[in-house]
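Spelled out from the first residue to the last, the chains are:
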Amino acid sequence: MTLREITIRRATFDDYDAACALYRTVDNYHLELYPSIFQEVDGPARPRERFEAKLSDPLKAVFVAAHRGELCGLADVTEEEAPPYPMFKPARIARIDNLVVAEAYRRRGIARALLEAVRGWASEHALGRIQLSVYSKNTDALAFYEDAGFSPLVMKLELDH
């Protein structure tokens, strides 16, 4: 399989079940990394209503990667405003909520293709920046995003007591 055989497109309502399988992949990985924060969930990885709302909201987008009709990757993004405090310059940003590629399809350029779709969407919406959060133990994702040009912005610290 080559990247030319992958189609990147906007998700549709019919993609819900396959999208849930991809969301489940990322959820399970987070559970593995941080069992003190995450828990197993019965049923769909995301409520259908939430997925459908993302598809219907002009300030959100879900992109999928498909190989021969099978979803193998997903990225979802939301347009947000900078915090409403005087110290922040007014800005609209694109926030990537999830970017996941099925394990069997990794290291083939699919994540980069999905990121390019997000970049295109951000440009169409005149959003000057793209932000995302990555858990510190997710070293593969950190390396991917840094290689794609992202740099650290905020470090969130936690104390168990």
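Predicted model only: the values in this text are computed from it and were never measured. (Residues numbered from 1 in each chain as written. Predicted model: local features only at pLDDT ≥ 70, side-chain atom pairs only at ≥ 80, totals over all residues. Heavy atoms only, no water.)

Caption draft 1: Expanded view of the overall build of the chain. Per the secondary structure count, the chain includes four helices and five strands. Listing the helices and strands of the chain from first to last along the sequence gives β-α-α-β-β-β-α-β-α. Against the 2.2 N^0.38 benchmark of 15 Å for 161 residues, the chain shows a C-alpha radius of gyration of 16 Å, consistent with a compact globule. Structurally, the chain occupies a C-alpha span of about 50 × 45 × 35 Å along its principal axes. By the burial criterion, 38% of the 161 residues in the chain qualify as buried. For the chain, the proportion of contacts with a sequence separation of at least 24, taken over those separated by at least 6, is 64%. Carbon and sulfur atoms form 52% of the exposed surface of the chain, whose accessible area is close to 10,600 Å². One way to put it: in the chain the 21 positive side-chain charges average out to a point 4 Å from where the 25 negative ones average out. (Helix = DSSP H or I, 4+ residues; strand = E, 2+ residues; numbered from the N terminus. Rg over C-alpha atoms; globule rule 2.2 N^0.38 Å. Buried < 20%, exposed > 50% of the residue type's maximum accessible area, 1.4 Å probe, protein only. Contact = heavy atoms within 4.5 Å. Areas by Shrake-Rupley, 256 points an atom, 1.4 Å probe, with all protein chains shown as cover. Lys, Arg positive; Asp, Glu negative; His and termini not counted. Charge placed at Lys NZ, Arg CZ, Asp CG, Glu CD.)

Caption draft 2: Up close: the pattern of salt bridges. If you walk through the whole model with that rule in mind, you get 11 salt bridges. Between Glu5 and Arg68 there is a salt bridge, with its nearest N and O atoms 3.8 Å apart. With a gap of 63 residues between them, Glu5 in the segment before strand S1 (6–10) and Arg68 in the loop between strand S2 (60–67) and strand S3 (70–81) connect regions that are remote in the sequence. Put simply, Arg9 and Asp15 hold a salt bridge, and the shortest N to O gap is 2.7 Å. (Salt bridge = Lys/Arg side-chain N within 4 Å of Asp/Glu carboxyl O.)

Caption draft 3: Inspection of unusual backbone geometry at higher detail. One non-glycine residue, Arg68, adopts positive backbone phi at about 50 degrees. Under the relative-accessibility criterion, Arg68 is labelled exposed at 74%.

Caption draft 4: Summary view of the state of the cysteines. Inspection of the entire model under this criterion finds zero disulfides. Sulfur of Cys20: no disulfide; nearest cysteine sulfur belongs to Cys72 and is 17 Å away. (Disulfide = S-S within 2.5 Å.)

Caption draft 5: Broad picture of a nonpolar patch on the surface. A surface patch of nonpolar side chains, amounting to about 380 Å² of accessible area, comprises Tyr85, Met87 and Phe88. For Tyr85, the location among the structural elements is in the loop between S3 and strand S4 (92–101). (Patch = residues over 30% accessible without salt bridge, like charges linked within 9 Å, V, L, I, M, F, W, Y side chains within 5 Å.)

Caption draft 6: The nonpolar core, seen in detail. Residues Phe51, Phe63, Leu74, Leu99, Ile110 and Leu114 are the most contacted members of the largest nonpolar core, which totals 43 residues. Secondary structure elements with two or more residues in this core: helix H1 (16–33), helix H2 (48–56), S2, S3, S4, helix H3 (110–124) and helix H4 (139–147). In terms of residue count, H3 provides more of this core than any other element does, eight residues in total. (Core = buried A, V, L, I, M, F, W, Y, C linked by side-chain atoms within 4.5 Å.)

Caption draft 7: Geometry of the packing of aromatic side chains. A complete count under the given rule lists five aromatic pairs for this structure. The interplanar angle of 65 degrees and the centroid separation of 5.1 Å between the aromatic rings of Phe144 and Tyr145 together place this pair among those described as edge-to-face. With respect to class, Phe144 is no different from Tyr145; both count as buried. Their ring planes at 75 degrees and their centres at 5.4 Å tell us that Tyr145 and Phe150 sit as a pair that is edge-to-face. What makes Tyr145 buried here is its relative accessible area of 9%. (Phe/Tyr/Trp six-rings, centres within 6.5 Å; stacked < 30°, edge-to-face > 60°.)

Caption draft 8: Focus on the sheet that holds S2. If you walk across this open sheet you meet the five strands as S1-S2-S3-S4-S5, and the pairing is mixed. In this open sheet, the two edge strands, each paired with only one partner strand, are S1 and strand S5 (129–132). Looking at each pair of strands side by side, their axes are set apart by 25 degrees on average, direction ignored. Docked against the sheet, H2 engages S2, S3 and S4, running at close to 105 degrees with respect to S2. (Pairing = 2+ DSSP bridges. Axes fitted to C-alpha atoms, helices over the stretch in contact; angles between N-to-C directions.)

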